[in-house]
Structures are given as C-alpha cells and as structure tokens.
Amino acid sequence: MTKLVPRPAATLILMRDGASGPEVLMLQRTQSAVFLGGAYVFPGGSLDEGDADPRILKRIRGDAKIPPAPYWVAAIRECFEEAGILFLFRRNDLPLNADSLMHYRKRPFVELLEKEDLYLPAHDMAYYGHWITAPGRPRRFDTRFFLAVAPQGQVGSHDAVETVHDVWITPREALERGARNEIELVPATQQTLQDLKSFKTAREAFEAVRERPAPEVNRACWAQGKDGAKLFRRADPQYFEIHWSDPEETGDTTYDLVPGVAKRLDRWVRRIIAPNPGVMTGPGTNTYVVGEGDLAVIDPGLAIASHVERILEQGTIRWILCTHTHQDHSPAAALLKAATGAQLLGRPAPEGQDATFTPEFVLEGGQRVDLGSVALRAIHTPGHASNHLCYLLEQTRMLFTGDHVMQGSTVVINPPDGDMRAYLQSLQKLLDEDIAIIAPGHGYLVGAPHRELRRLIAHRLGRERKVVRALEQLGAASIEELLPVVYDDVPVRIHRVAARSLTAHLDKLAAEGAVRTAGERYTLVESGNKEARGERHGG
C-alpha cells in the first residue's frame, strides 16, 4: 500500500439552538470533489502557509497551544471561506456586521483581520477530535476538530465552489437521514453526530467538550485476515495492535487471532496463542516470546504438546517467566524447562494452583531480568492472584499483564487468593508507570494504557456502588439474592462466575468496615454507608 503523508487540516463544528434542539451546520461537498465528493461535512479544510503568520497569531485570544495555533486559525478561516460565518470579534465587544464583510471571503485572511481590526476567539472554541484519513485514499488529512457555539445572527451559506448545499440540522435528524441514504455521512461525521445528539443545548455541548481531556487520535488502519483486507477504527479491538505491529501502515499485518501461529508484534516480541479458547480464556492464552538471539517466554500456558512445540520452534529459550500460576498460564513451564534447561522465574504457586511451577528465582517487584538485547522489570500486582506479576519491557514500554488486565472483558477476582482491595491498589500502582501498550494474557494488545486502567478502576468501583445499593434495597442478603441485582447487566449464564467477584467486593467492603457478615448473609454497617457509596478513597 502506497504511503501518502496526511496533510494538516482543521474543522469547526458550529452549533446553535433550534426549535427541536441543538443544530449543527453541515455543508454538502460538490460531487466532483477529489475527497469526500457528495458527502455532508462540517466546515473545514487544509492548513495554509498563512495560518502560521505572526500577524494572525498575535490576534488569537485564549489558549491555542494544543493543537498548535495554526490549526485554530485554519478552522476559523475555513469556516468563513466555506460557510460564510465570521467567527471573530472586535475589541471592546463592538458590534460585528458579518454581511458587510463577505467580500473578504476570497481575500487573504490576514487582510480581513488587519483592515477590520478583528480577533480570533480561541477561548470560545473547544478542541473536540483528531482524525487521520485511512491509507489508500487519493488524499489523506490529519484533521483537528473544534466545536463552538455559532455567532448569534449569522446563518452562513455554502461557497458554491467546494460546497453546493448548506443546512442547519439536529444531529439526530442528520443521522436518521444518513441511515435512509438521503445524505452521505463519513464515519468521523457519524461518530461526532452520535456524540452531540444527547445534548439539550449548544452551550451545554460546548461546556461538556471543553471539560474533556484532549482527544486522542483516531487513525483508521488496514489489516489482512480470513475475510480479506478490512479497515479498523479506534473503537475496534484490533486497532491498537494493528498500529503497533504495522507502524509503517503497509496494511500487511493480520487482524485474526489464530492459535498456534506465531505473530510478530514488533522487533522484540512474538505472540503464540494456545489452543484453549473458552468463556474464561477468550481466543486462548497468550504466550509471548521476547528478545533476539537468547529468548524469554512469558506465560507458556497449558501443557499442550502442540503448543509447546510451537514455542520451541521460535529459537533458543533461556528464560521462562510466569505472570501467575493459574492452570491456563504456567503448566507448560515444566515441559519447556525439561526441553531447554531454561531458568524458571516468577513467584511460587499458592495452595490450589499449579504446583508444578517451581521457580528457581523468585522475583520481587522492581527486579530486572536482563535478556541481553532487552530487559524486563517485574511489577508485583496481587489481586487476581496473590503471586501475580506484570513485566515491563523497558525498551518499548510494553507491559505484559497476564490476567491483571485482559482485552475484551474484566478478570474474575476469586477469594480467598483473589483480593479486590489488592487488585484495585495494583491497578492504581500501574498508573505510576510509563506504559506505551498492554500485552494481556488473552486477546489483542490494548492501547491507551492509562485510560484503560482508569476505566477498569471506575468499573470496579461502580460495581461496588451497585453492591451497596443492593444491600440498601434488600437489607440482609445472601450472594444468591444479590447476584441478579448487582449483575443485572451480565448474562445469567455468567452469574456463577460473577459470584466469585461479588464475594471479593463484599470481602473488601467488610475489611473496610462498611459491611458485616452473619453466616452467609451480608448487611450494611450504618456508619459505613456514606463511605461505601463511593466517598472512600479509590483503592
């Protein structure tokens, strides 16, 4: 696939209040346009060299640093040139007659600003999104989206050159018309409309977007698999793995998770999926082969002969590390040790787990394992299992998380060895680490690691609040009585497994003095109710 460098661009989403709710301004691009011909879009376009003109930049009011100031300038300029809306202001709030300035639409932007003494209100814009066109298109754009409340009294109009129609429309109606194929909407526009349709006023939308963290890039990518070439976007589980394993955007990497096939994730890491798919294991347990020359194996998986053979085919194995000793992660270690003489590293198995794993070197948190070409640092992360370790590959900041973080689902915390309080503390500990990507024990690589860790913490604390509300509703209750209330969003077939994590939540609340037990029944402690509703510290 020919790589085309994306051109910097900016878009301004304008919102106003209408009779049926907030409306957005949309323009239809001419059918003959090379890029998105016929589609309905928000006003925007490529950055010009003049957008970085110091004479313009000094007229920006407000913080226009992220993204860099020329993007803010381009969004306002393109909105004027394409849609005829002047998102500018005079000093001392003097009135602005936009209609009298339309002759400037075809003139250099700096001329309008200087001759009319106008300023750019970055303080009235919110940085909304960042989309990069997928490889393979005749043109690619690296576009920053901004959102603003439209200037009062300005309606706008298409330029009759690049755009042939303009309309103020509610996001909901635009989506409905798109679903009926009455208008064409590209994915970035669809996702934006989906997000904006829930707001009651334009001002509410603006304030909400302004409070969000800076958006992360959505860079669509191609990959190959059993169903042929497919395009993936940020919301897809394959997205981050494709970008990590194919940084040059060749489109040649695979999106399939196939047991028994070694996939190279980067220069130093290969993954082999064990043939043990299931409800608890997803596609199967991920075994990672790390290094160049002398190799380390992380989580060799089950003692399945065919899987062990695939691991041995990878090269000279000198080290075998396990994240923990559940039956789907460590039993093959003994077979690999017998075949290679490699050193076993990890932590001993608690009672009831894989007793065949007997590490020759017991790793503590913070200890490094030098593999020659690269190094791993152990991080003790109890919670899913008391002996659980994560391993950080220092050269790339890839974190091997075993079952501490999984792709596609949350992990089961199964007392007594599983401990919800320790699990949350371990998640919190990882927030202090510089992590680029997560290599989980099951599923695809997980991107935006700190966001994912915060999501997991919020999810667990949200479930804990449901436990407290259920106890408030039911009074003294057993696990069986609490399950359908606390896990009403989980299929009944999963409730038997969910009961383990529910027990862990209750054990945590009991340890914190918020819940007391009497036989098999649990009751809220009155003095702990306020804290248990979520006002305790997150761990």
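Just so it is clear, the structure is predicted and the values come from calculations on it, not from any experiment.

A few words on the overall build of the chain. Along the backbone of the chain there are 14 helices and 28 strands. Taken along the three principal axes of its C-alpha coordinates, the chain extends 85 × 60 × 45 Å. In the chain, the proportion of contacts linking residues at least 24 apart, taken out of those at least 6 apart, comes to 61%. When the accessible surface of the chain is summed, it comes to about 23700 Å², and 50% of that surface belongs to carbon and sulfur atoms. The positive charge centre, built from 64 side chains, and the negative charge centre, built from 70, are 2 Å apart in the chain.

This brings us to the pairing of strand β15 (residues 269-273). Buried residues dominate β15, accounting for 5 of its 5 residues. Because side chains alternate across β15, one face comprises the buried residues Val-269, Arg-271 and Ile-273, and the other comprises Arg-270 and Ile-272, equally buried. Relative to β15, strand β14 (residues 263-264) runs antiparallel, the two being bridged by 2 bridges. When the sheet's bridge partners are listed, Lys-263 is paired in β15 with Arg-271. Here β15 runs beside strand β16 (residues 286-290); their pairing, made up of 5 bridges, is antiparallel. Within the sheet, the bridge partner assigned to Arg-270 lies in β16 and is Val-289.

Where empty space is left becomes clear once a probe the size of a water molecule has been rolled over the atoms. Taken as a whole, this structure holds 1 cavity of 30 Å³ or more when the rule is applied. Surrounding the largest cavity, Pro-135, Cys-221, Trp-222, Ile-242, Asp-246, Glu-249 and Gly-251 form its lining. Residue composition of the lining of the largest cavity, by class: 4 nonpolar, 1 polar and 2 charged.

On to the side chain of Glu-78, then. Its location among the elements puts Glu-78 in helix α2 (residues 69-83). Residue classification places Glu-78 among the buried positions, given a relative accessible area of 9%. Leave out the neighbours within four places in its chain, and Glu-78 touches Gly-44, Gly-45, Ser-46 and Ala-83.

Let's shift gears to the sheet that holds strand β19 (residues 343-346). In space, the 7 strands of this open sheet follow the order β14-β15-β16-β17-β18-β19-β20, with mixed pairing throughout. Strand pairing shows two members of the sheet lacking a second neighbour, β14 and β20 (361-362), which therefore form its edges. On top of the sheet, helix α8 (residues 305-312) reaches β15, β16, β17 (294-298) and β18 (316-321); it is set at about 165° to β15, its chief contact. The strands that helix α9 (residues 332-340) touches are β17, β18 and β19; relative to β18, the one it contacts most, it runs at about 150°.

All right, on to the confidence of the model for the chain then. Close inspection of predicted coordinates is inappropriate for parts of the model with low pLDDT. Averaged over all residues, the pLDDT of the chain equals 93, while 97% of them reach at least 70. Residue range residues 528-539 is modelled with pLDDT below 50. Its contacts to residues more than four positions away, or to other chains, number 24 contacts.

With that settled, consider helix α6 (residues 202-211). Those residues of α6 that fall on the buried side of the exposure criterion are Ala-202, Ala-205, Phe-206 and Val-209. Burial along α6 is one-sided: seen end-on, the buried residues are contained in an arc of 100°. For α6, the secondary structure elements touched by its buried residues are β1 (7-18), β2 (21-29), β8 (126-132) and β9 (141-149).

What counts, and where the lines are drawn
Residues numbered from 1 in each chain as written. Predicted model: local features only at pLDDT ≥ 70, side-chain atom pairs only at ≥ 80, totals over all residues. Heavy atoms only, no water. Helix = DSSP H or I, 4+ residues; strand = E, 2+ residues; numbered from the N terminus. Contact = heavy atoms within 4.5 Å. Areas by Shrake-Rupley, 256 points an atom, 1.4 Å probe, with all protein chains shown as cover. Lys, Arg positive; Asp, Glu negative; His and termini not counted. Charge placed at Lys NZ, Arg CZ, Asp CG, Glu CD. Buried < 20%, exposed > 50% of the residue type's maximum accessible area, 1.4 Å probe, protein only. Pairing = 2+ DSSP bridges. 1 Å grid on protein atoms, 1.4 Å probe; cavity = no way out; pocket = protein on both sides within 12 Å on 5 of 7 lines; lining within 4 Å. Points joined across faces, edges and corners; volume = space filled by probe spheres on them. Nonpolar A, V, L, I, M, F, W, Y, C, P; charged D, E, K, R; others polar. Axes fitted to C-alpha atoms, helices over the stretch in contact; angles between N-to-C directions. pLDDT = per-residue confidence, 0-100. Arc of directions from axis to C-beta.

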